[in-house]
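Close look at the chain arrangement
Chain residues, written in single-letter form:
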Amino acid sequence: MSLTTLKRSTTRQRSPRAPNFTAEEDVIVVRAVLAASESSAHGTDRSGEAFFKAALVQYEYIRVHEYPTLPQRNQWTSLKTRWSRVRRKISRLTGQMSVFPILSGETND
């Protein structure tokens, strides 16, 4: 048995990838994670999986009602991965903004 045949026989068939997240979907991700984190019904004793499954429910609710043309996301893991990337960008922005003091009477707008 050749190496090529061995590689071909051991590779798994993957489901097709969903398209990359758009800027609109990033906004929905942030809103969904905030909504899931503010849910007082569950408190803070949820696992990461349970939290992101709840965030996915929020995400789909917002998507269906406000952005019906966007693709459906049905994997909580993709939402978790996207949130970690968005969170890093938010942290960098927050750090950069903290360097510049806001003068009296001015806003961040």
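In case you missed it, the structure is sitting above this.
Just so it is clear, the structure is predicted and the values come from calculations on it, not from any experiment.

1. Quick look at the overall build of the protein chain
- Scanning the protein chain from N- to C-terminus turns up four helices and zero strands.
- In the protein chain, the succession of α and β elements from N to C terminus is α-α-α-α.
- Of all 109 residues assigned to the protein chain, the portion counted as buried reaches 21%.
- Working note: accessible area of the protein chain is about 8,700 Å², and carbon and sulfur atoms make up 54% of it.

2. A short note on the pattern of salt bridges
- Tallied over the full model, the rule gives five salt bridges.
- Taking the shortest distance from any N to any O, the salt bridge between arginine 31 and glutamate 66 comes out at 2.8 Å. Residue arginine 31 is located in helix H2 (residues 23-37), and its partner glutamate 66 is located in helix H3 (residues 48-66); the two are separated by 35 residues in the primary sequence.
- Of the residues examined, arginine 31 reaches a relative accessible area of 34% and is grouped as partly exposed.
- Note that glutamate 49 is salt-bridged to lysine 53, the shortest N-O span being 2.8 Å. Taken together, the residues span about one helical turn, with glutamate 49 and lysine 53 both in helix H3 at a distance of four residues.
- Residue classification places glutamate 49 among the partly exposed positions, given a relative accessible area of 38%.
- Residue lysine 53 is classed as partly exposed on the basis of its relative accessible area, which comes to 40%.

3. Here's the deal with the nonpolar core
- Counting residues in hydrophobic clusters, the biggest one holds 16 residues, and the most contacted among them are Val29, Val33, Phe52, Ala55, Tyr59, Leu79 and Trp83.
- If you list the elements that add at least two residues to this core, you get H2, H3 and helix H4 (76-99).
- Ranked by residue count, the leading element in this core is H3, at six residues.
- If we ignore the near neighbours within four places in the chain, the residues touching tryptophan 83 are Val29, Val30, Val33, Phe52 and Ile90.

Basis of the calculations
- Residues numbered from 1 in each chain as written.
- Predicted model: local features only at pLDDT ≥ 70, side-chain atom pairs only at ≥ 80, totals over all residues.
- Heavy atoms only, no water.
- Helix = DSSP H or I, 4+ residues; strand = E, 2+ residues; numbered from the N terminus.
- Buried < 20%, exposed > 50% of the residue type's maximum accessible area, 1.4 Å probe, protein only.
- Areas by Shrake-Rupley, 256 points an atom, 1.4 Å probe, with all protein chains shown as cover.
- Salt bridge = Lys/Arg side-chain N within 4 Å of Asp/Glu carboxyl O.
- Core = buried A, V, L, I, M, F, W, Y, C linked by side-chain atoms within 4.5 Å.
- Contact = heavy atoms within 4.5 Å.

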